[in-house]
Amino acid sequence: MCGIVGYVGPQDALDVVLEGLRRLEYRGYDSAGVAVLADGILATAKKAGKLANLEKVLAEHSLPEGTTGIGHTRWATHGGPTDRNAHPHLSADGRVAVVHNGIIENFAVLRAECEAAGVEFTSETDTEVAAHLLAAAYAETPQGPGRLAEAMRRVSRRLEGAFTLVASHADEPDTLVASRRNSPLVVGVGDGEYFLGSDVAAFIAHTRDALELGQDQVVEIDCERGVTVTDLAGNRVEPTAYTVDWDAAAAEKGGHDWFMLKEIAEQPQAVADTLLGRLGEDGGLVLDEVRLSDQDLRDIDKVFVVSCGTSYHAGLIAKYAIEHWTRIPVEVEVASEFRYRDPVLDRSTLVVVISQSGETMDTLMALRHAKDQKARVLAICNVNGSTIPRESDAVLYTHAGPEVAVASTKSFLAQIVACYLVGLFLAQVRGIKYADEVAAIVADLRRLPDAVREVLDRMEPVRELGRSLADADTILFLGRHVAFPVALEGALKLKELAYIHAEGFAAGELKHGPIALIDQGTPVVVVVPSPRARESVHGKVVSNIQEVRARGARTIVIAEEGDEDVVPFADHVVRVPRTPTLMAPIVTAVPLQVLACAIADTRGYDVDQPRNLAKSVTVE
Ligand code: G6P
């Protein structure tokens, strides 16, 4: 949510900053802006709408060439997505420029204070107070190296809420400073040049050497002095250095029309990489990154899975497997509700937080609540060094690679696999499953990349079907057992991408209400569980297909190879390879992603950046 870039070094700052913004645009795209420091003057350009609008403005009136610059791509919170509210925001004298991600919760009090001192505000944002406060703090800070950083510390101590702030001062041409609390910020270290970014994508084209910043820390990047990190009191802090394990090419479209299509195509690799190094030679599991002792894992008597959006759906699927394999009760909850209902947590509770970005504020707050209550927290995350894994007791990374499209696809599959590894590991450590049982499931997991590849090879009819559904007003998704959360995810993908009303239901609930929605021609997508799923659940879903068809629905059935029972009641059958019951979501989710993508594309929408959404939601 909101992308931030900063640069100091010998290159033309505007080029570097714009390139960074292009890679961060998935974080928010309501407006964009840049500021460049040249010849002691801060020059800015900002524009509502996507980055392309700003680029158009700059093509007509470029900014002077400078070697220090900041940029921002916005997902609006305070103040509508207008030119005026776009960042950077300047202090009244134009000497300070600030970009911000997060929400300054006490901004109203601070704004009143600035106004009382005679400052006139030019935007409705919470951010602008930071620019004015910083200018005032700078004036009060003694001259000398580190002056802007000290002013930033003084201001940050007064702010409440969540913020990453990056600031430039016209008097410090080779310096940028930044501060972070509850919002992401990483530092890129190049050769005589330094970068700031909401994530490493901002500078991956220039360097893979990065530094993590902790909570309540201020960083100064300066061409001469390099990188200096302190806490808010000014004490030096040694940041953690790491090397990014992917390169700029991984963040390009690679010949696909949309990032999402590329990411859908990368799913066999994402699944394979998430399994890589974790499946032992003997058929067991090796999970070194899970930093909880075997005794801790044996003591667990309850599991909560807590996450948002697509990651929540991965959690819902995980419940079936973890409970089945470990016999430990599992509850799954959306992170935004979790801490407010006072869940019962203690030392023997394992809270699994799932987050692609590792920055989702709702999930982060749920994690902190769980830790306050002494629960053990295990993060399943795709972004190395992000806040959620850093604050968790243990972490299992999904190695899906960078995901740029706002709607999650490859991370979803990788999250399900990672959750399964956790469930199986628990069963292994607790001795609930014999080694040969674990080995048999591990063998099933190993076959998944090929199974996903097989599904992808057959997607042309699904794309065609998508084109024929582009005028639908509503599409319903049904599933039962593990196919129920898959139906929820199918509906979410369609809402996100195609802006069509869609709902997912447990097929058994149909008769308790939703069936009233079915009208002549209503498309209903039914995800059919394996005929080998427990207690005739398959037969019941086949009956559900008949029930909706009898009421006029156009039925689109996702069923495994060889399942002939569905044929008489399906207007369209999409085949997926035969997989064990619990593995089925990994293959059945794929056609639903492709379908949503095809419908959105036919309707002419931006598949990668749907309206009103952001990939990384860093406000509650
Ligand atoms: C946003 C994104 C969703 C994502 C959710 C959770 O709403 O638009 O695609 O599923 O956040 O994100 P996370 O990074 O925590 O998995």
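Every value quoted in this text rests on a predicted model; they were computed, and no experiment measured them.

Caption draft 1: Main features of the overall build of the protein. The helix and strand tally for the protein stands at 19 helices and 24 strands. Once the C-alpha set of the protein is aligned to its principal axes, its extents read approximately 80 × 55 × 40 Å. For the protein, with 620 residues in total, the buried portion stands at 62%. Sequence separation of 24 or more characterises 71% of the internal contacts of the protein that already satisfy a separation of 6 or more. Carbon and sulfur atoms form 48% of the exposed surface of the protein, whose accessible area is close to 22,600 Å². In the protein, 61 side chains carry a positive charge and 89 a negative one; their mean positions are 4 Å apart.

Caption draft 2: Layout of the pairing of strand S3 (residues 41–48). Strand direction decides the pairing type here: strand S2 (residues 31–38) and S3, joined by eight bridges, are antiparallel. Considered in S3, the bridge of Gly33 is made with Lys46. With antiparallel pairing between neighbouring strands as the criterion, S2 and S3 make up a hairpin whose turn holds two residues, including Asp39 at a positive phi of roughly 50 degrees.

Caption draft 3: Geometry of the nonpolar core. Core analysis: the biggest nonpolar cluster contains 130 residues, and Val34, Trp325, Tyr420, Ile475, Phe477 and Leu494 have the highest contact counts within it. In terms of residues, this core owes the most to one element, helix H13 (residues 410–429), which gives 14 residues. Discounting residues that sit within four places of it in the chain, Trp325 has contacts with Tyr420, Gly423, Leu424, Ala427, Ile432, Lys433, Ile441, Leu582 and Met583. In this structure, Ala135, Ala137, Ala167 and Leu232 belong to the second largest nonpolar core, which totals 27 residues.

Caption draft 4: Geometry of the site of the ligand. Around the ligand, the structure places 14 residues, and the nearest of them are Ser311, Ser355, Gln356, Ser357 and Thr360. In the environment of the ligand, an oxygen atom lies 2.6 Å from a nitrogen or oxygen atom belonging to the side chain of Ser355. Separating an oxygen atom of the ligand from a side-chain N or O atom of Thr360 is a distance of 2.5 Å. In isolation the ligand exposes 390 Å². Once the protein is present, 90% of that is buried. Residues that form the shell around the ligand fall into these classes: four nonpolar, eight polar and two charged.

Caption draft 5: Up close: the sheet that holds strand S7 (residues 161–169). The strand order S5-S6-S7-S8-S12-S13 describes an open sheet built from six strands, whose pairing is antiparallel. This sheet does not close on itself; its edge strands, each paired only once, are strand S5 (89–90) and strand S13 (226–231). As paired elements, strand S12 (residues 217–222) and S13 share six bridges and run antiparallel to each other. Each residue of the ladder has a partner; that of Asp222, found in S13, is Gly226. Here helix H4 (residues 128–140) sits on the sheet in contact with S5, strand S6 (96–104) and S7, set at roughly 130 degrees to S6. The strands that helix H5 (residues 147–158) touches are S7, strand S8 (175–181), S12 and S13; relative to S8, the one it contacts most, it runs at about 25 degrees.

Caption draft 6: Geometry of the sheet that holds strand S17 (residues 349–355). Read across the open sheet, the five strands follow the order S16-S15-S17-S18-S19; overall the sheet is parallel. Among the strands making up the open sheet, the edge pair consists of strand S16 (330–334) and strand S19 (394–397). Here the average twist between neighbouring strands, direction ignored, is 20 degrees. With four bridges connecting them, strand S18 (residues 376–381) and S19 associate as parallel partners. In the strand pairing of S19, Leu378 is matched with Ala394. Packed onto the sheet, helix H11 (residues 361–372) meets strand S15 (302–307), S17 and S18 and runs at close to 165 degrees relative to S17.

Caption draft 7: Broad picture of the packing of helix H16 (residues 460–468) against helix H19 (residues 584–602). At a minimum axis separation of 8 Å, H16 and H19 run at an interaxial angle of 45 degrees. On the basis of their axis angle, the class for H16 and H19 is oblique. Helix-helix and strand crossings are classified by hand; for H16 and H19 the assignment is right-handed. Residues Val462, Arg463, Leu465, Gly466 and Arg467 of H16 form the contact with H19, whose participating residues are Pro591, Val594, Leu595, Ala598, Ile599 and Thr602.

Caption draft 8: The arrangement of H11 in detail. In a regular helix each residue adds 1.5 Å, so 12 residues correspond to 16 Å; H11 covers 16 Å between its end C-alpha atoms and thus fits that length. The buried fraction of H11 amounts to 10 of the 12 residues, a majority that puts the element mostly inside the structure. Buried within H11 we find Met361, Asp362, Thr363, Leu364, Met365, Ala366, Leu367, Arg368, His369 and Ala370.

Caption draft 9: Up close: the packing of aromatic side chains. Applying the stated rule across the entire model yields five aromatic pairs. Judged by centre distance (5.2 Å) and plane angle (45 degrees), the ring pair of Tyr7 and Phe195 falls under tilted. Remark: Phe195 occurs in strand S10 (residues 194–197) and Tyr7 occurs in strand S1 (residues 3–8); sequence separation between them is 188 residues. Aromatic ring contacts, followed pair by pair, group Tyr7, Phe195 and Phe203 into a single cluster. Over the ring of Tyr138 we find Arg147, and its NZ or CZ is 4.0 Å from the ring centre.

Caption draft 10: Geometry of the domain arrangement of the protein. In terms of domain boundaries, the protein breaks down into domain 1 (3–246), domain 2 (254–446) and domain 3 (460–602). Between the C-alpha centres of domain 2 and domain 3 there is a distance of 26 Å. Each side of the interface is counted separately: domain 2 has 25 residues, and domain 3 has 23 residues. For the pair domain 2 and domain 3, the summed buried surface comes to about 2,000 Å²; carbon and sulfur atoms form 76% of the total. When the buried area of domain 2 at its contact with domain 3 is split by residue, Met260, His313 and Tyr320 rank highest and sum to 26% of it.

Caption draft 11: Examining the state of the cysteines more closely. Inspection of every chain in the model, using the stated rule, returns zero disulfides. Looking at Cys2, it has no disulfide partner, and the nearest cysteine sulfur is the one in Cys308, 17 Å off.

Caption draft 12: How the structure looks around the side chain of Thr164. Looking at the secondary structure, you find Thr164 in strand S7. Within the structure, the side chain of Thr164 is placed 2.9 Å from the backbone oxygen of Pro184, a separation counted as a polar contact. Residues within four places of Thr164 in sequence aside, it is in contact with Ile4, Val99, His100, Asn101, Ser179, Arg180, Ser183, Pro184 and Leu185.

Caption draft 13: A look at the packing of H4 against H5. Between H4 and H5, the least distance of the axes is 8 Å, while the angle of their chain directions is 125 degrees. Looking at the two axes, H4 sits oblique to H5. In the crossing of H4 with H5, the sense of the turn from one axis to the other is right-handed. Residues Leu133, Leu134, Ala137, Tyr138, Ala139 and Glu140 of H4 pack against Arg147, Leu148, Ala151, Met152, Arg154, Val155 and Arg158 of H5. For the contact of H4 with H5, the per-class residue count stands at nine nonpolar, no polar and four charged.

About the thresholds
Residues numbered from 1 in each chain as written. Predicted model: local features only at pLDDT ≥ 70, side-chain atom pairs only at ≥ 80, totals over all residues. Heavy atoms only, no water. Helix = DSSP H or I, 4+ residues; strand = E, 2+ residues; numbered from the N terminus. Buried < 20%, exposed > 50% of the residue type's maximum accessible area, 1.4 Å probe, protein only. Contact = heavy atoms within 4.5 Å. Areas by Shrake-Rupley, 256 points an atom, 1.4 Å probe, with all protein chains shown as cover. Lys, Arg positive; Asp, Glu negative; His and termini not counted. Charge placed at Lys NZ, Arg CZ, Asp CG, Glu CD. Pairing = 2+ DSSP bridges. Core = buried A, V, L, I, M, F, W, Y, C linked by side-chain atoms within 4.5 Å. Near = heavy atom within 4 Å. Polar contact = N/O pair within 3.5 Å; in protein donor to acceptor, adjacent residues only side chain to side chain. Nonpolar A, V, L, I, M, F, W, Y, C, P; charged D, E, K, R; others polar. Axes fitted to C-alpha atoms, helices over the stretch in contact; angles between N-to-C directions. Parallel < 35°, antiparallel > 145°, perpendicular 65-115°, else oblique. Left-handed = near helix turned anticlockwise from the far one by under 90°. Expected span 1.5 Å × (residues − 1). Phe/Tyr/Trp six-rings, centres within 6.5 Å; stacked < 30°, edge-to-face > 60°. Lys NZ or Arg CZ within 6 Å of the ring centre and 35° of its normal. Domains from an automatic or database assignment. Buried area = accessible area lost by both parts, 1.4 Å probe. Disulfide = S-S within 2.5 Å.

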